[in-house]
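Now for the letters of each chain:
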Amino acid sequence: MNRPALLSLDDALPELLAKAQALPNMQSVSTFDADGCVLAQDVIAALQVPPKDNSSMDGYAVRAADCVQAGAVLRVAQRIPAGTHGKPVNAGEAARIFTGAPIPQGADAVVMQEDCEALAYDQVRVNKVVPVGQWIRRSGEDVTRGATVLKRGTRLTPAELGLAASIGLAQLQVSARPRIALFSTGDELVMPGDVAPEAMPAGAIYNSNLFFLRAMLRRLGCEVTDLGIVPDQRDATVRALRDAALSHDLILTSGGVSVGEEDHIKPAVESLGELKLWQLAIKPGKPFAYGHVNRQTQGDVCHFMGLPGNPVSSFVTFLLLVRPFVLALQGVTQTDIARTEMTADFDWPRADKRREFLRVKRNAKGGLDLFPNQSSGVLTSAVWGDGVVDNPAGQTISKGDRVRFISFAEWLA
Ligand code: AMP
Ligand code: MG
């Protein structure tokens, strides 16, 4: 049998993303619940933040011209706590003012109370020279009216929710959550909880992939339907795919995409739509399938992605390919993940012809340690590690070399 040519990740990913048109549906969610959602519309400010010039200190609002020498004595003519607004400040006057309160007309600076001395008969001595503008937060210095403060396609984090609230938005228009049908293939798989460890039949293993795939999809804002374990049979696989396609945007499977004869995914998807089986030039994670299932009733398609069965292969290919895909379905414009240059504290003497994603951990010296077993079945490597080294094809690594690191914390966020 001819070995198919390996496809590079840099060729595969753009081809994949070209298929990931943003889903049309949007929904309005409470700003409270929008963490992790993707904005479906630009957010434009209808007011200035802060709305008015205001004091950034507890102290006295003054006219700087009255305080050109230390020791000026002014009459405290009013008191302006935050939430109120004062009346004009005349020459020779000061206004007692508190952080956040608007600067009254006539005043052009604030003196902090530590630089003042309260005197009898409502007077205050200002013990410093006061420059114009001191301790004033300007109107609009955070947000100006009419500005686009958040762009469509932004994945919201807590800071963005606060900013949206600061311009008065209790609801945000976000992309609908992609609906993902997840199933596992393989007759050897047993669900944890169904069979106790001591009662596991020969040849059986627990279904671990489902657990991290489901969790990762949820983190990416997807609604996940768990279709369980589909038996290694053509008919059962076709039925599961056809049903799932009706009410989902993407069917994601793990296992069954190698070219073994127990792998039923390919013929099953092909009978309902189209499938490309890719041999990716990455390690772990060579086999990967992309295609679609036609929806007879709706005249459109449901995306299909098939991940390899080996747990670390499944994990890594998810992050490399499925993650950007489901983000793109939500309209996210920036889907790639940052690589940081770091120093390897290990040797990797055998170059591979595939681009490798080596599980590593940052050490106390600021370098990277390598997990000793890089086998695609050893999920412990992904738990021990806090990221991967993205190592180009054909590249060895010697202690002290600079390498490209991707942090799981960022990748899984
Ligand atoms: P496959 O891609 O179906 O040939 O599977 C490759 C390897 O991954 C085999 O050793 C499978 O038993 C294992 N595997 C497949 N699916 C899972 C899963 N959901 N959880 C854990 N291991 C799996
Ligand atoms: Mg299998």
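See the structure shown above.
Residues numbered from 1 in each chain as written. Chains lettered and ligands numbered in written order. Predicted model: local features only at pLDDT ≥ 70, side-chain atom pairs only at ≥ 80, totals over all residues. Heavy atoms only, no water.

Asker: Quick one: what's the story with the site of ligand 1, residue by residue and with numbers?
Answerer: Near ligand 1, the surroundings consist of 15 residues, among which Glu188, Asn207, Gly256, Gly309 and Asn310 are the closest. Contact distances for ligand 1 include 3.1 Å between an oxygen atom and a backbone N or O atom of Gly309. Residue Asn310 places a main-chain N or O atom 3.1 Å away from an oxygen atom belonging to ligand 1. Here ligand 1 has 490 Å² of accessible area as a free molecule, and 78% of this is covered by the chains. Classifying every residue of the shell around ligand 1 by side-chain character gives four nonpolar, 10 polar and one charged. (Near = heavy atom within 4 Å. Polar contact = N/O pair within 3.5 Å; in protein donor to acceptor, adjacent residues only side chain to side chain. Areas by Shrake-Rupley, 256 points an atom, 1.4 Å probe, with all protein chains shown as cover. Nonpolar A, V, L, I, M, F, W, Y, C, P; charged D, E, K, R; others polar.)

Asker: A description of the packing of aromatic side chains should follow, citing residues and the corresponding values.
Answerer: Going through the model one piece at a time under the given rule, you end up with five aromatic pairs. Aromatic pair Phe315 and Phe408: ring centres 5.6 Å apart, planes at 85 degrees, arrangement edge-to-face. Of this pair, Phe315 sits in helix H6 (residues 311-329) while Phe408 sits in helix H8 (residues 408-411); the two residues are 93 residues apart in sequence, bridging distant segments of the chain. Between Phe371 and Trp384, the aromatic rings sit 5.3 Å apart at their centres with planes inclined by 55 degrees, giving tilted as the arrangement. Residue Phe371 is found in the loop between strand E24 (367-370) and helix H7 (380-384), and its partner Trp384 is found in helix H7; the two are separated by 13 residues along the sequence. For Phe371, a relative accessible area of 11% gives the class buried. Three or more aromatic residues joined by ring pairs make a cluster, and in this case those are Phe212, Phe315 and Phe408. (Phe/Tyr/Trp six-rings, centres within 6.5 Å; stacked < 30°, edge-to-face > 60°. Helix = DSSP H or I, 4+ residues; strand = E, 2+ residues; numbered from the N terminus. Buried < 20%, exposed > 50% of the residue type's maximum accessible area, 1.4 Å probe, protein only.)

Asker: Can you tell me about unusual backbone geometry, naming the residues and giving the values?
Answerer: The linkage connecting Val49 with the following residue, Pro50, adopts the cis geometry, with an omega of -10 degrees. Along the polypeptide, Pro50 turns up in the loop between strand E2 (43-44) and strand E3 (54-55). The omega torsion across Lys283 and Pro284 is 0 degrees, close enough to zero to call that bond cis. Assignment of secondary structure puts Pro284 in the loop between strand E19 (282-283) and strand E20 (287-295). Of note, the phi angle at Asp122 is positive, near 55 degrees, even though the residue is not glycine. Tracing the sequence through the fold places Asp122 in the loop between strand E8 (116-119) and strand E9 (123-126). What makes Asp122 exposed here is its relative accessible area of 54%. Positive phi is not limited to glycine here, since Trp135 has a value of about 55 degrees.

Asker: Requested: an account of helix H1 (residues 9-19), with residues and values cited.
Answerer: Within H1, the full set of buried residues consists of Leu9, Ala12 and Leu16. For H1, the angular spread of buried residues about the axis comes to 65 degrees, placing them on one side. Away from its buried face by more than 90 degrees, H1 exposes Asp10 and Ala18. Looking at the buried positions of H1, the neighbouring elements they touch are strand E18 (273-279), E19, E20, strand E21 (300-307), H6 and strand E23 (355-362). (Arc of directions from axis to C-beta. Contact = heavy atoms within 4.5 Å.)

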